[in-house]
Amino acid sequence: MECPKVGTRVLVPLARKTITGLVYRIHPENTDDSVTADLKLRDIIEVLDAQPVVLPSQLSLWRWIADYYLCTIGEVMAAALPARLLDNDYTERTEVYISLHPRFTDIEQLQPVFDSLKRAPKQQRLLEYFLELSDAFDGTPHLVEQRQLIEHSGESTAVLRTLIEKQILVASHEVVSRIPSYDTDIEPAHPLTEQQQRAVSEIHAGFAQNKVCLLHGVTSSGKTEVYIHLIREQLEQGRQVLYLVPEIALTTQLTDRLKHVFGKQLGVYHSRFSDMERVEIYKDLLNSHEPKVILSARSGVFLPFSRLGLIIVDEEHDSSFKQQDPAPRYHARSVAAVMAHAAQANVLLGTATPAIETYHNAQTGKYHLVEMMERYAGMSLPHISLVDLKRQYHRKEMYEHFADPLVERINAQLADGKQIIIFQNRRGYAPYIGCRKCGYVPKCCNCDVSLTYHKRTNTLVCHYCGYAVTAPQVCPTCGGEWRDFGVGTEKIEDEVNGLFPTARVARMDLDTTRNKNSHQRIINAFARHEVDILIGTQMVTKGLHFNDVSLVAVLNADSMMQTPDFRSSERAFQMLEQVAGRAGRAGSQGEVVIQSFQPDNPLYAYLQKHDYAAFYAEQLRERKAFRFPPYYRLIILTLKHRDYTRLDTAARELSERLRKAFGTRCSDVIVPPIARVQNMHIRTIRLRIETDASFAQAKTIMMQQVRYVQSLPNCKGTIIQPDVDPM
Ligand code: ADP
Ligand code: ZN
């Protein structure tokens, strides 16, 4: 057998199974025995590929990810390759195509056929349709898809079969691509505004110094147009571009825009595509070196680029760029930087609300900062007003969860024929229910959380593990009646229907968007103004552009700031500024109404002034005082075990040992707010390392202790998951 190449797939025996593996490295023959001395070697059964399916550049990126994020390279591989590519059970998709029988070479020869079909009008008609669709004698004859022919002609397959039996037509199976082709009419890109032109030349200047660029542009400043311009430049130089967005399913508007500008040069790598479709995009990129722009969520960093020129990370602050579970717990923004550096490509980060760490890098000169502070076409940023919920409730000037001033504004906008977005960051009807008599609250049987009441399905659902039961009529312990607590999008929908009975209402949250195209349907209906009020969770905050939205309402902004997390203010600011940015993107100035029990929170003052820089400066002071990023790097160790005692022992042991090594950089054992999920008890330990210290060395020391604790008999079976740079 010939020696397989690095990056090819091979079949190998493992225990009693045969599995597919990837050739990662080749050891020179009979040299250094010390490498293989302790290993049990097995023979490769079969080499599956002549050419690598994974490029050397990908393998070295995988290595970096595994080292930096403390996981195995196998875990990276599982995330990086579409499952079917590795399993080798990818099958090509075929369709039945119809062509003219080869005995006909000239249109004249068909005349007798038509004559013979005089008594069979259906066959005749089908043949006519075929000739029309195939241009059979007009240059190169086209194959006609059987499905298309049947649909077009309205005839049955039986009629077609007869024509095939008569040797007039032939059917064949042809391999077709699953990748949707964006072969639409190409439109010219918009000419750039002066502000956008200046941004482009400043970005070029930053790239010339080999720096990552941060494009800090307010909402609706037209960052997309700047990206399009830069992408075009790369394509013209024959290079490839990776365009990363937080959640691809939420960006149908962006996909449409790019389709019109780049046509066939656009590829979309979609979490909602099937695995088969992903294999095709992967292979297409591997085998062709054409200029391309790939629009993708975070996993796009694993694609095989050979001529990468630019990576754009749009909405770079968004936490969905970080993979939480399972490993590799990577951040696509960091991986993109490493990937681009290796490929001598550039990185552009874009957002209206930079991550604190990113803006810090821009302030300290590590990144090149480019700003666009004006909205496109001279629009003003939205006007933000606050409603004091304490006062409203006290004066009884509330209708359910809507304060009177908000109701008044919504009515005014509706009367004006405008659209409204209402943001409520909880789905379901009520976050929990309790018995009026005995106080009993239904909890998940697998997790330490109360169950969320979903009225539409009459179920109680755990939002952590997915457990769901039919909601009991009355309290199972005492027969008392239920009362619901808190408020989710379903309840808001009911209230809106009651308050504004003539308005057309839609709801967009995880529950209404489970089907493949449901997002798109809701967004399109809203864009066509078939809906007046759109209620939604964070899904409505991201990247949408609607001309007629004049009012955005945030029903309870405080809830976002109450999580015990050093990033909660940052997240709240980003989310509020982003959702506010949906208002007034065309026409008149938009308005935002925020309801809050703490309207004096300084965050709102920054928001009202759209003053990101001032907000950043305050956050930075807090980060420094409380020893958080960007001054410290964090690692969170999550310990899990079904057995509470073992978990407790392992957590104490590990924290004690780490405290010896790291002093106060290591926390005590932390009991997380939800201390049991899917029957696993959970503890965490947090480590912070000064940014100027050796992170690699700290990680090595930490992992030694982790392995030691895992080897202790009384801690046996404890899962310990490191999360580096947690979000
Ligand atoms: P951002 O991503 O900064 O929020 P967008 O790129 O979505 O902003 O642009 C906002 C709106 O302004 C879009 O409808 C876009 O088509 C329009 N726009 C921006 N720049 C231009 C331009 N140079 N010419 C025409 N329309 C533009
Ligand atoms: Zn659960």
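A brief look at the structure comes next. (Residues numbered from 1 in each chain as written. Chains lettered and ligands numbered in written order. Predicted model: local features only at pLDDT ≥ 70, side-chain atom pairs only at ≥ 80, totals over all residues. Heavy atoms only, no water.)

### Here's the deal with the environment of Gly365
Position of Gly365 among the secondary structure elements: in the loop between helix H14 (356-363) and strand E13 (368-372). Between the alpha carbons of Gly365 and Lys211 there is a distance of 9.1 Å; along the sequence they are 154 residues apart. (Helix = DSSP H or I, 4+ residues; strand = E, 2+ residues; numbered from the N terminus.)

### Quick look at the site of ligand 1
Inspection of the region around ligand 1 gives 16 residues, with Pro191, Gln196, Ser220, Lys223 and Thr224 positioned closest. A distance of 3.2 Å separates an oxygen atom of ligand 1 from a polar backbone atom of Ser221. In this structure, an oxygen atom belonging to ligand 1 sits 3.2 Å away from a side-chain N or O atom of His545. For ligand 1, whose accessible area on its own is 560 Å², the fraction buried by protein is 82%. Among the elements that make up the shell around ligand 1, the one with the highest residue count is helix H10 (residues 223-236) (3 residues). Split into classes, the residues belonging to the shell around ligand 1 amount to 4 nonpolar, 9 polar and 3 charged. (Near = heavy atom within 4 Å. Polar contact = N/O pair within 3.5 Å; in protein donor to acceptor, adjacent residues only side chain to side chain. Areas by Shrake-Rupley, 256 points an atom, 1.4 Å probe, with all protein chains shown as cover. Nonpolar A, V, L, I, M, F, W, Y, C, P; charged D, E, K, R; others polar.)

### A word on the pattern of salt bridges
Overall, the coordinates contain 35 salt bridges when judged by the stated rule. Asp532 is paired through a salt bridge with Arg504; the nearest N and O atoms lie 2.9 Å apart. Placement of Asp532 in the loop between helix H18 (518-527) and strand E24 (533-536) and of Arg504 in the loop between helix H17 (489-499) and strand E23 (505-508) is noted, with a sequence separation of 28 residues between them. The class for Arg504 is partly exposed, based on a relative accessible area of 40%. Ionic pairing is found between Glu690 and Arg665, a salt bridge with its closest N-O pair at 2.8 Å. You can see Glu690 sitting in strand E29 (residues 680-690) and its partner Arg665 sitting in the loop between helix H22 (644-662) and strand E28 (676-677), a full 25 residues away along the chain. The exposure class assigned to Glu690 is partly exposed, which follows from its relative accessible area of 22%. On the basis of relative accessibility, which here comes to 31%, the residue Arg665 falls in the partly exposed class. One salt-bridge network, in which partners are shared between bridges, spans Lys455, Arg456, Glu493, Asp494, Arg507 and Asp509. (Salt bridge = Lys/Arg side-chain N within 4 Å of Asp/Glu carboxyl O. Buried < 20%, exposed > 50% of the residue type's maximum accessible area, 1.4 Å probe, protein only.)

### Some points on the coordination of the zinc ion (ligand 2)
Within the protein, the zinc ion (ligand 2) binds to Cys444 (SG), Cys447 (SG), Cys462 (SG) and Cys465 (SG); these donor distances fall in the range 2.3 Å. In this structure, the zinc ion (ligand 2) is surrounded by 4 donor atoms whose angles at the metal cover 106 to 113°, and the resulting shape is tetrahedral. On the primary sequence, the residues serving as donors to the zinc ion (ligand 2) are separated as C-x2-C-x14-C-x2-C. (Donors = N, O, S within 2.8 Å, 3.2 Å for Na, K, Ca; no water. Tetrahedral: all angles 85-135°; square planar, octahedral: opposite > 155°, others 65-115°.)

### Section: the sheet that holds strand E6 (residues 169-176)
Note: strands within a sheet are paired through backbone hydrogen bonds, in either parallel or antiparallel orientation. If you walk across this open sheet you meet the 3 strands as E5-E4-E6, and the pairing is antiparallel. In this open sheet, the two strands that pair with only one neighbour each are strand E5 (144-145) and E6. Two strands pair when backbone bridges link them, and strand E4 (residues 93-100) and E5 are joined in this way by 2 bridges, in the antiparallel orientation. From the neighbouring strand, Tyr97 faces E5, where its bridge partner is Glu145. On the sheet, helix H8 (residues 157-165) packs against E4 and E6 and is oriented at approximately 110° with respect to E6. (Pairing = 2+ DSSP bridges. Contact = heavy atoms within 4.5 Å. Axes fitted to C-alpha atoms, helices over the stretch in contact; angles between N-to-C directions.)

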